[in-house]
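Secondary and tertiary structure notes
Each chain, letter by letter, is given below.
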Amino acid sequence: MSAEYGGRTGLQGKLTRWLRAGRRPKETAGDGGREALLLAAAGAGLPLAPAAHPAGYRCSCDRVGCPTPARHPVSFAWQTQSTTDRAQIERWARHQPQANFITATGMVHDVLDVPLDAGRSALERLLAAGVEVGPVAESGDGRMLFFTLTRGTPEEEDEWWPCELDCHPETMDEHPGLRWHCRGSYVLVPPARLPGEAQTVHWVRGPEHPLPDPLSLLETLTEACARYAGEHTDHAGAAWPLRH
């Protein structure tokens with residue numbers, strides 16, 4: 001095994017070059033390709049709902065100073081609205097051709113959300129070790145999203161934390177840079193567009209890959225995040241702030 005993965009000319013080197021080049025599965029241009037990708041995500045069990053989209057460098061919601069431009073649902077009822085129903089998603093996609101879509105987490109799936117460099121390093125290690133990795137997406141705002149099975153509702157509430165708690169100071173040391181989107185949270189699902197030049201959310205590994213247990217990825221992801229945090233420490237010795 002070491003001979004197979006050793007050296008820059010082996011599989012490990014190819015994985016490194018592939019990931020650093022930002023290669024991804026070919027995504028068909030046009031509304032038909034967008035709709036097909038959304039339906040593929042829904043077919044894999046990811047519940048979807050319409051989201052805002054870029055309006056130049058602003059958000060389509062027209063909220064002054066929108067804190068998450070083109071990254072949020074358009075309805076306050078997004079949790080109950082989210083669906084995998086093919087006909088409903090087709091209607092949304094055709095009637096709202098500019099809209100991004102979110103997928104609600106904590107129902108079927110969770111998302112482990114890490115800094116892009118940490119995520120690429122972790123993905124390379126996981127694939128080289130033969131770990132079953134599920135769908136993975138890259139976001140133009142510098143994040144990588146690992147889609148996993150949901151942890152559901154554990155008996156002990158302390159066994160999970162909602163997305164809004166994931167970057168509080170008390171969790172930084174244990175999970176630097178990691179956000180665990182679970183019950184009550186959401187992420188953009190590919191294909192999505194962000195404000196700016198060619199800023200997108202796209203699949204690195206598509207939704208055809210089965211969702212893994214999040215705990216099978218967690219150790220590698222947290223180690224990669226810890227290294228990333230150490231490499232991005234400012235002169236005062238404090239970690240760079242996380243983006244929302």
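Residues numbered from 1 in each chain as written. Predicted model: local features only at pLDDT ≥ 70, side-chain atom pairs only at ≥ 80, totals over all residues. Heavy atoms only, no water.

1. Re the overall build of the protein chain
- Each helix and strand counted, the protein chain has eight helices and 11 strands in total.
- The long-range fraction of contacts in the protein chain, counting pairs at least 24 apart against all pairs at least 6 apart in sequence, stands at 76%.
- When the accessible area of the protein chain is evaluated, it comes to approximately 12600 Å², of which 52% is carbon and sulfur surface. (Helix = DSSP H or I, 4+ residues; strand = E, 2+ residues; numbered from the N terminus. Contact = heavy atoms within 4.5 Å. Areas by Shrake-Rupley, 256 points an atom, 1.4 Å probe, with all protein chains shown as cover.)

2. As for the sheet that holds strand β11 (residues 200–205)
- Across the sheet, which stays open at both edges, the six strands sit in the order β8-β5-β7-β6-β11-β10 with antiparallel pairing between neighbours. Looking at strand neighbours, the two that pair on one side only are β8 (179–181) and β10 (192–193), the edges of this open sheet.
- Relative to strand β7 (residues 143–149), strand β5 (residues 109–115) is paired through seven bridges, and the arrangement is antiparallel. Opposite P115, over in β7, you have R143 as the bridge partner. (Pairing = 2+ DSSP bridges.)

3. Section: the pairing of β5
- The element β5 is extensively covered by neighbouring structure, given that seven of its seven residues are classed as buried.
- Pairing of β5 with β8 involves three bridges; the strand directions are antiparallel. Along β8, the bridge assignment pairs D113 with R179. (Buried < 20%, exposed > 50% of the residue type's maximum accessible area, 1.4 Å probe, protein only.)

4. Re unusual backbone geometry
- A cis amide bond, omega -5°, links P190 with the succeeding residue P191.
- Mapped onto the secondary structure, P191 falls in the loop between β9 (186–189) and β10.
- Its identity is not glycine, yet A70 carries a phi of approximately 65°, on the positive side.
- Here A70 shows up in the loop between β3 (58–59) and α4 (78–81).

5. Some thoughts on the confidence of the model for the protein chain
- Confidence in the prediction of the protein chain, expressed as mean pLDDT, is 80, and 71% of residues score 70 or more.
- Within the model, the stretch residues 1–30 combines pLDDT values under 50 with 36 contacts to residues more than four positions away or in other chains.
- Of the regions scoring below 50 in pLDDT, residues 156–172 engages in 29 contacts with residues more than four places distant in sequence or in other chains. (pLDDT = per-residue confidence, 0-100.)

6. Structural notes on the pairing of strand β6 (residues 136–139)
- Judged by which residues are buried, β6 turns out to be covered on both faces: V136 and E138 on one side and A137 and S139 on the other are all buried.
- With four bridges joining them, β6 and β7 adopt antiparallel strand pairing. For E138, the partnering residue across the bridge sits in β7 and is M144.
- Following β6, the chain reverses through three residues before pairing antiparallel with β7; G142 in that reversal takes a positive phi of roughly 90°.

7. Regarding the environment of Q199
- You can see Q199 is positioned in the loop between β10 and β11.
- Residue Q199 is classed as partly exposed on the basis of its relative accessible area, which comes to 28%.
- Along the chain, Q199 and G142 lie 57 residues apart, while their C-alpha atoms are 10.0 Å from each other.
- Not counting residues up to four positions away in its chain, the partners in contact with Q199 are G140, D141, A192, R193 and L194.

8. Remarks on the packing of aromatic side chains
- On inspection of all chains with the given rule, the structure shows three aromatic pairs.
- Geometrically, the ring pair formed by W92 and F101 is tilted, given 6.3 Å between the ring centres and 50° between the ring planes.
- Residue classification places F101 among the buried positions, given a relative accessible area of 1%.
- Their ring planes at 55° and their centres at 5.1 Å tell us that F147 and W203 sit as a pair that is tilted. Note that F147 is positioned in strand β7 and W203 in strand β11, a separation of 56 residues in sequence. This pair shows no difference in class: F147 is buried, exactly as W203 is. (Phe/Tyr/Trp six-rings, centres within 6.5 Å; stacked < 30°, edge-to-face > 60°.)

9. Considerations on the state of the cysteines
- Across all of its chains, the model carries zero disulfides by this definition.
- Sulfur of C59: no disulfide; nearest cysteine sulfur belongs to C61 and is 3.5 Å away.
- Residue classification places C61 among the partly exposed residues on the basis of a relative accessible area of 32%. (Disulfide = S-S within 2.5 Å.)

10. Quick word on the pattern of salt bridges
- If you walk through the whole model with that rule in mind, you get seven salt bridges.
- Residue E35 is joined to R94 by a salt bridge in which the shortest nitrogen-to-oxygen separation is 2.8 Å. Within this pair, whereas E35 is found in helix α3 (residues 30–43), its partner R94 is found in helix α5 (residues 86–95), the two being separated by 59 residues in sequence.
- One salt bridge in this structure joins R86 and E90, with 3.3 Å as the shortest N-O distance. Here R86 pairs with E90, and both are found in helix α5, just four residues apart, close to one helical turn. (Salt bridge = Lys/Arg side-chain N within 4 Å of Asp/Glu carboxyl O.)

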